[in-house]
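# Overview (structure and organization)
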There are 2 protein chains.
Amino acid sequence: MTQVHCTRAQTAVLQVLQQQREPISAQALYTLIKQQQRIGLATVYRALDALKRMGQVQHRVTLTGETLYNAVEQDRHYMTCLDCGQSFPLNTCPLKGLELSLKHSSSFTIYYHTLEFFGLCEPCSVQGG
Amino acid sequence: MTQVHCTRAQTAVLQVLQQQREPISAQALYTLIKQQQRIGLATVYRALDALKRMGQVQHRVTLTGETLYNAVEQDRHYMTCLDCGQSFPLNTCPLKGLELSLKHSSSFTIYYHTLEFFGLCEPCSVQGG
DNA sequence: CCTAGAAATGATAATCATTATCATGACGGG
DNA sequence: CCCGTCATGATAATGATTATCATTTCTAGG
């Protein structure tokens, strides 16, 4: 991974993200970091953008349009119910191994991937989503 | 798929999306539909939201933050370069079959999935992204 | 057909996340 | 110690999305 140099803000953002169990919003990130050091909201976004391009951070957009960020190493994926909107984490990545073979068959250098399933969770499909 | 009843707007949105080769923005969709019928931007968003919940439409967010929509049936995925931002479509879905087995091992009813790879395309990785 | 109630629509205003701007502060090299 | 460069914070600006509300369309009875 192209990890070279991190600014103070980038370090703080990445560290806080790594402490989270679930992806969080930029606003939440801002609030958390502010408890420890002086930081501006714009700087949070700048750091997120830089970290994304370094392949350290990824984001996903929920059904309701919220953008959530998380540290890449977690490799966590979800099944999201189109009816109630709840997201259920997978405990293992279905692509394990597959990504590896892709790495060899293509000239594209893969850092990470995003994967999300959409459909109906059991309760919603029972009540006739 | 829970396809029951479509309003005029939903029909127009879905039809135009199905004609597209690539995902497009809500604004572009609005412009295209307006050439054929009177429609409001808010209605486009409402239709997109409804179609998403019907499992007919999905969206993805580019590196630059643009939200793009496409009809679900295309099952199209991308490799996106973290350096230049370009997206390269995969010609086949790496999850083919895998999703099927997931369907049986879980009580979650899967309609579709999103999948995207991030890393460096060859030119960018050569010049030392 | 005609009509009342419900749902959909269009136009516009309001919201809110993200980005641009710009003056200030930190930092490394000479 | 000073200069140039880059990072930062505060705030204004932007732009996509959502809420509002009056109007139109649709549907089910009658």
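Here's a quick rundown of the structure. In this text, all values refer to a predicted model and were calculated from it rather than measured experimentally. (Residues numbered from 1 in each chain as written. Chains lettered and ligands numbered in written order. Predicted model: local features only at pLDDT ≥ 70, side-chain atom pairs only at ≥ 80, totals over all residues. Heavy atoms only, no water.)

### Some details on the protein's contact with DNA strand D
Near DNA strand D there are 16 residues, and of these Ala-9, Arg-38, Ile-39 and Arg-46 of chain A together with Tyr-45 of chain B occur at the shortest range. For DNA strand D, the fraction of atoms within 4 Å of the protein that belong to sugar or phosphate moieties is 62%. Contacts to DNA strand D include Thr-7 of chain A, whose side-chain N or O atom sits 3.4 Å from a phosphate oxygen. At 2.9 Å, a backbone N or O of Ala-9 of chain A approaches a phosphate oxygen of DNA strand D. For the surface near DNA strand D, the secondary structure elements donating two or more residues are helix H1 (8-19) and helix H3 (41-53) of chain A together with helix H3 (41-53) and strand S2 (67-71) of chain B. (Near = heavy atom within 4 Å. Polar contact = N/O pair within 3.5 Å; in protein donor to acceptor, adjacent residues only side chain to side chain. Helix = DSSP H or I, 4+ residues; strand = E, 2+ residues; numbered from the N terminus.)

### What to know about the relation of the copies chain A and chain B
Two copies of a chain can be linked by a rotation about an axis combined with a shift along that same axis. Expressed as a screw transformation, the operator carrying chain A onto chain B has a rotation angle of 180 degrees and an axial translation of 0.0 Å, and the superposed copies differ by an RMSD of 0.0 Å. A rotation of that kind, with that shift, is consistent with a two-fold axis. Relative to the rotation axis, the C-alpha of Leu-115 of chain A is the closest in chain A, positioned 2.2 Å from it. Mapped onto chain B, 100% of the interface residues of chain A are again interface residues, and the two copies thus contact each other with one and the same surface. (Least-squares fit on C-alpha atoms with pLDDT ≥ 70 in both. Contact = heavy atoms within 4.5 Å.)

### Concerning the packing of aromatic side chains
A complete count under the given rule lists four aromatic pairs over all chains for this structure. Judged by centre distance (6.1 Å) and plane angle (70 degrees), the rings of Phe-108 of chain A and Phe-88 of chain B are edge-to-face. Taken as a pair, Phe-108 of chain A in the loop between helix H4 (98-105) and strand S5 (109-120) and Phe-88 of chain B in strand S4 (residues 87-89) lie in two separate chains rather than in one. Using a relative accessible area of 5% as the deciding quantity, one classes Phe-108 of chain A as buried. (Phe/Tyr/Trp six-rings, centres within 6.5 Å; stacked < 30°, edge-to-face > 60°. Buried < 20%, exposed > 50% of the residue type's maximum accessible area, 1.4 Å probe, protein only.)

### Side note on the interface of chain A and chain B
With 37 residues of chain A at the contact, the number on the chain B side is 37 residues. Where chain A meets chain B, there are zero salt bridges. Our count for the contact surface shared by chain A and chain B stands at five residue pairs in polar contact (both at pLDDT 80 or more). If you list the elements that add at least two residues to the side of chain A that touches chain B, you get H3, strand S1 (57-61), strand S3 (78-81), H4, S5 and helix H5 (122-126) of chain A. By residue number, the principal contributor to the side of chain A that touches chain B is S5 of chain A, which donates twelve residues. For the side of chain A that touches chain B, a count of residues per class yields 19 nonpolar, twelve polar and six charged. (Salt bridge = Lys/Arg side-chain N within 4 Å of Asp/Glu carboxyl O. Nonpolar A, V, L, I, M, F, W, Y, C, P; charged D, E, K, R; others polar.)

### A few points about the side chain of Glu-116 of chain A
Following the sequence through the fold, Glu-116 of chain A ends up in strand S5. Not counting residues within four places of it along the chain, the set of residues in contact with Glu-116 of chain A comprises Arg-60, Tyr-78, Thr-80 and Ser-87 of chain A together with Tyr-112, His-113 and Thr-114 of chain B.

### A look at H3 of chain A
Residue and element names in this part refer to chain A. For H3, spanning 13 residues, the distance from its first C-alpha to its last is 19 Å, which sits close to the expected 18 Å at 1.5 Å a residue. If you check which residues of H3 are buried, you get Val-44, Ala-47, Leu-48, Ala-50, Leu-51 and Lys-52. Looking at the buried side of H3, the elements it contacts are H1, helix H2 (26-34), S1, strand S2 (67-71) and S5. Note on H3: the residue one or two positions beyond its end, Gly-55, has a positive phi of about 80 degrees. (Expected span 1.5 Å × (residues − 1).)

### Digging into the pattern of salt bridges
Residue and element names in this part refer to chain A. Tallying each qualifying case throughout the model produces four salt bridges over all chains. For Arg-60, the salt bridge identified is with Glu-116, shortest N-O distance 2.8 Å. Here Arg-60, found in strand S1, pairs with Glu-116, found in strand S5; they are 56 residues apart in sequence, far enough to count as distant.

### Examining the protein's contact with DNA strand C
Taken together, the neighbourhood of DNA strand C is formed by 16 residues, with Tyr-45 of chain A together with Arg-38, Ile-39, Thr-43 and Arg-46 of chain B sitting nearest. Counting only atoms of DNA strand C within 4 Å of the protein, the fraction found in sugar and phosphate groups is 65%. Between DNA strand C and Thr-67 of chain A, the relevant distance is 3.3 Å, taken from a phosphate oxygen to a side-chain nitrogen or oxygen of the residue. Within the residue set of the surface near DNA strand C, elements represented by two or more residues are H3 and S2 of chain A together with helix H1 (8-19) and H3 of chain B. The element best represented in the surface near DNA strand C is H3 of chain A, accounting for four residues.

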